[in-house]
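A closer look at the structure
Each chain is listed here by its residues.
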Amino acid sequence: MFSTETTHEVDHTVAVPLGPRSYNIRVVANDPAGFGPFARAELARTWAGASCRSALIVTDMHIADLGIPATIQASLGDIGIAALIAVLPAGESTKSLENASRLYDELVKLQADRHTLIVGLGGGVIGDLAGFVAATYARGLPLIMIPTTLLAQVDSSVGGKVGVNHPGAKNIIGAFHQPAGVWIDTQYLSNLPTRELRCGLAEVVKYGVILDAEFFANLEQIAEDVLRREHGALARIIMRCCEIKALVVAADEREETGLRAMLNFGHTIGHAIEAVAGYDGPYKHGEAVAVGMVAECRLAERLGWIKKGDVTDRLVRLLERFGLPTRATELDTGRLIEAMSRDKKNRNGAIRFVLPRALGKVELTDSADVDDILTVLSA
Ligand SMILES: NC(=O)c1ccc[n+]([C@@H]2O[C@H](COP(=O)([O-])OP(=O)(O)OC[C@H]3O[C@@H](n4cnc5c(N)ncnc54)[C@H](O)[C@@H]3O)[C@@H](O)[C@H]2O)c1
Ligand SMILES: [Zn+2]
């Protein structure tokens, strides 16, 4: 199924079927000129986008240093859209109401109207913030996502969840606002710091465990190609992750049926690790999720859902090859449990987990008790 062909052969589209909010995700390898025509075609399908003549490109300093915003601005110029670029500092603290407000100021200066396009050009921080501004300014502007981290390409840019942090709670101020299109160029990943690439790979592995055992097996085969950032290998894993996320989002767009919760595998414990270790602490999100996935697999073993060894051993081996941590025994287990008891999936005081029944199949459950959780956390 997977091969590593030359970069120029990569050009794939994933459709996200959401009725009137449907859109396409295009995956390319080094095709800056292709963005304009893609944007024009995606915008043409919407009332607001069809007559778009102006845009605000939201990005951060690292991406600006690579010269990427200027190429996007030029491609928009080619299709008759005059774009301004807003460059924000890089980092999680950029995802704030203050920065949303700064972007509203830019839009007022630009005399933006309901046809003004917002382009979120960056990692998940920029995508969430730009998306939030697009969701709220003038009750909703067209949005195109250009994710530049692996995590954003396989996760945050797809699905319509946008938002900013409150100083007291991460991601708490937000909206659902689907983009008009998502443009993914694997070329952007060539400059991504290795640690950020690994964090994205944790989410990639997650998709295999929750829904696609064959994909997991393919990852085991092509792990080295991915780490070498071969465009063919990257494009294929990004495509498959986007297909899986699109499937889940199409089935439960607003997280109401519980289906979308399966994307939370590894995250009950992962989020607790981030909260206890500190958001600017030793664990980045993907690293905390890697540890969380292993611990949650061990929890599934304790519940008798999966055989001891088997799934967990393969998971640990793959995560280790990707340079991700698989344990965090230095953290206080009591504080981890306390953090988990605030998880938004919980009902009636019970901590809920998404756990594997087999490789490629997960279920939401509240049947793990605190003793089980404590045991796997201290393993
Ligand atoms: N909306 C969702 O559904 C969703 C899902 C998952 C995560 N998120 C959010 O995503 C955020 C994390 O996203 P992230 O991991 O992409 O972090 P990020 O946006 O902070 O990017 C990580 C770092 O990589 C840099 N960078 C980005 N692209 C680069 C490139 N091509 N080359 C070199 N450097 C580059 C950034 O400047 C930053 O320093 C969190 O705020 C999280 O809450 C949202
Ligand atoms: Zn995640």
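Because the structure is a prediction, the values reported are computed rather than measured.

Parameters at a glance
Residues numbered from 1 in each chain as written. Chains lettered and ligands numbered in written order. Predicted model: local features only at pLDDT ≥ 70, side-chain atom pairs only at ≥ 80, totals over all residues. Heavy atoms only, no water. Helix = DSSP H or I, 4+ residues; strand = E, 2+ residues; numbered from the N terminus. Rg over C-alpha atoms; globule rule 2.2 N^0.38 Å. Buried < 20%, exposed > 50% of the residue type's maximum accessible area, 1.4 Å probe, protein only. Areas by Shrake-Rupley, 256 points an atom, 1.4 Å probe, with all protein chains shown as cover. Lys, Arg positive; Asp, Glu negative; His and termini not counted. Charge placed at Lys NZ, Arg CZ, Asp CG, Glu CD. Donors = N, O, S within 2.8 Å, 3.2 Å for Na, K, Ca; no water. Near = heavy atom within 4 Å. Polar contact = N/O pair within 3.5 Å; in protein donor to acceptor, adjacent residues only side chain to side chain. Axes fitted to C-alpha atoms, helices over the stretch in contact; angles between N-to-C directions. Left-handed = near helix turned anticlockwise from the far one by under 90°. Contact = heavy atoms within 4.5 Å. Nonpolar A, V, L, I, M, F, W, Y, C, P; charged D, E, K, R; others polar. Core = buried A, V, L, I, M, F, W, Y, C linked by side-chain atoms within 4.5 Å. Pairing = 2+ DSSP bridges.

1. Some remarks on the overall build of the chain
- A tally of helices and strands in the chain yields 15 helices and eleven strands.
- For a compact globule of 379 residues, the expected C-alpha radius of gyration is about 21 Å, and the chain comes in at 20 Å, within 12% of that figure.
- Considered along the principal axes of its C-alpha atoms, the chain spans approximately 60 × 45 × 40 Å.
- For the chain, the proportion of its 379 residues judged to be buried stands at 56%.
- With the model as given, the accessible surface of the chain reaches about 15400 Å², and the carbon-plus-sulfur share is 50%.
- Here the chain carries 39 positive and 46 negative side-chain charges, and the mean point of each set is 3 Å from the other.

2. Structural notes on the coordination of the zinc ion (ligand 2)
- Within the protein, Glu203 (OE), His267 (NE2) and His285 (NE2) serve as the donor atoms for the zinc ion (ligand 2), at 2.0 to 2.1 Å.
- The sequence pattern describing where the donors of the zinc ion (ligand 2) fall on their chain is E-x63-H-x17-H. On the criterion of sequence distance, the pair formed by Glu203 in helix α8 (residues 194-211) and His285 in helix α12 (residues 285-302) is long-range, its members being 82 residues apart.
- Of the residues examined, Glu203 reaches a relative accessible area of 0% and is grouped as buried.

3. Details of the site of ligand 1
- Residues in close proximity to ligand 1 total 25 residues, the closest being Asp60, His62, Gly124, Thr148 and Thr149.
- Lys170 is positioned with one of its side-chain polar atoms (N or O) 3.2 Å from an oxygen atom of ligand 1.
- At 2.9 Å, a backbone N or O of Tyr188 approaches a nitrogen atom of ligand 1.
- For ligand 1, the protein covers 87% of the area, taking 870 Å² as the surface of the free molecule.
- If you list the elements that add at least two residues to the shell around ligand 1, you get α3 (61-65), α6 (124-136), α7 (150-156) and β8 (169-176).

4. Thoughts on the packing of helix α11 (residues 267-277) against helix α14 (residues 333-340)
- Here α11 crosses α14 at 115°, and the two axes come no closer than 8 Å. For the crossing formed where α11 meets α14, the hand is right-handed. Here Thr268, Ile269, Ala272, Ile273, Ala275 and Val276 of α11 lie close against α14, whose contacting residues are Arg335, Leu336, Ala339 and Met340.
- Tallied by class, the residues present in the contact of α11 with α14 amount to eight nonpolar, one polar and one charged.

5. Points about the nonpolar core
- Ranked by internal contacts, the top residues of the largest apolar core, which has 104 residues, are Ile25, Ile118, Val205 and Ile238.
- Residue contributions to this core peak at twelve residues, all from helix α10 (residues 231-251).
- Ranked by size, the runner-up nonpolar core spans 23 residues in total, among them Val28, Ala39, Cys52 and Ile146.

6. Focus: the pairing of strand β3 (residues 54-60)
- Within β3, seven of the seven residues are buried, which leaves the element mostly enclosed by the surrounding structure.
- Of the two faces of β3, the one holding Ser54, Leu56, Val58 and Asp60 and the one holding Ala55, Ile57 and Thr59 are both buried throughout.
- Judged from the seven bridges that link them, β3 and strand β4 (residues 82-88) form a sheet pairing that is parallel. Paired with Asp60 across the two strands is Leu88, which belongs to β4.

These values are about where atoms sit, not about what they do.
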